[in-house]
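Summary of structural features
The lines below spell out each chain.
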Amino acid sequence: VQLVESGGGSVQAVGSLSLSCTFYGSRFSLYVMDWYRQAPGKQRELVVTVTNGSMTDYTDSVKGRFTISRDNAKNTVYLQMNNLKPGNSTVYYCKAYHYTRNGLDNWGKGTQVTVSS
């Protein structure tokens, strides 16, 4: 499995960005997909999960502002980020793991999001 994130960039506060994570491998629909973020010097933080059944779970700080979705036909998961804040500036990573938890966690290389005030 290989994951490739895209869509990061720079935006002003209260603006929006949409991230994408494309899954290269087989049977994407059986994988749980996560978005994480990691600020310099801090641990990687789980932002949101979408299960293979499209159930979602958001960390409290992004509820109502971020939306995750997946398109199994395109092997892609999306993260729509609205009302961005400077504190949301960091690198965002995509992670995939099989819903049975068999096998490894697979990570993308990350995409930088910068929000200016």
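Residues numbered from 1 in each chain as written. Predicted model: local features only at pLDDT ≥ 70, side-chain atom pairs only at ≥ 80, totals over all residues. Heavy atoms only, no water.

**Some thoughts on the environment of Val 4**
Looking at the secondary structure, you find Val 4 in strand β1 (residues 2-6). According to the relative accessible area criterion, Val 4 is partly exposed, its value standing at 34%. As a C-alpha pair, Val 4 and Thr 76 span 72 residues in sequence and 9.4 Å in three-dimensional space. (Helix = DSSP H or I, 4+ residues; strand = E, 2+ residues; numbered from the N terminus. Buried < 20%, exposed > 50% of the residue type's maximum accessible area, 1.4 Å probe, protein only.)

**Points about the environment of Val 62**
With respect to the helices and strands, the residue Val 62 is situated in the loop between β6 (56-58) and β7 (66-71). With a relative accessible area of 0%, Val 62 lands in the buried category. Taking the C-alpha atoms as reference, Val 62 lies 8.5 Å from Val 48; in sequence the two are 14 residues apart.

**Quick notes on the environment of Asn 88**
Inspection of the secondary structure puts Asn 88 in the loop between β8 (76-81) and β9 (90-98). Once the C-alpha coordinates of Asn 88 and Asn 72 are considered, the two residues, 16 residues apart in sequence, prove to be 27 Å apart. With near-sequence residues (within four places) excluded, Asn 88 lies in contact with Arg 37, Arg 65, Phe 66, Val 113 and Val 115. There is a polar contact of 3.1 Å between the side chain of Asn 88 and the side chain of Arg 65. (Contact = heavy atoms within 4.5 Å. Polar contact = N/O pair within 3.5 Å; in protein donor to acceptor, adjacent residues only side chain to side chain.)

**Notes on the sheet that holds strand β3 (residues 17-24)**
One open sheet accounts for four strands, arranged β1-β3-β8-β7; its pairing is antiparallel. Looking along the sheet, the strands with just one partner apiece sit at the ends: β1 and β7. Across this sheet, the average inter-strand angle for adjacent strands is 15 degrees, counted without regard to direction. Sheet analysis places β7 next to β8, joined by six bridges and oriented antiparallel. By the bridge assignment, Thr 67 is partnered in β8 with Gln 80. (Pairing = 2+ DSSP bridges. Axes fitted to C-alpha atoms, helices over the stretch in contact; angles between N-to-C directions.)

**A few points about the pattern of salt bridges**
Taken as a whole and judged by the stated rule, the model has five salt bridges. Between Lys 63 and Asp 60 there is a salt bridge, with the nearest N and O atoms lying 2.9 Å from each other. Between Asp 105 and Lys 95 there is a salt bridge, and its shortest N-O distance comes to 3.6 Å. Taken together, the residues Asp 105 in the loop between β9 and β10 (106-107) and Lys 95 in strand β9 connect sequence positions ten residues apart. (Salt bridge = Lys/Arg side-chain N within 4 Å of Asp/Glu carboxyl O.)

On their own, these measurements won't tell you what the molecule is for.
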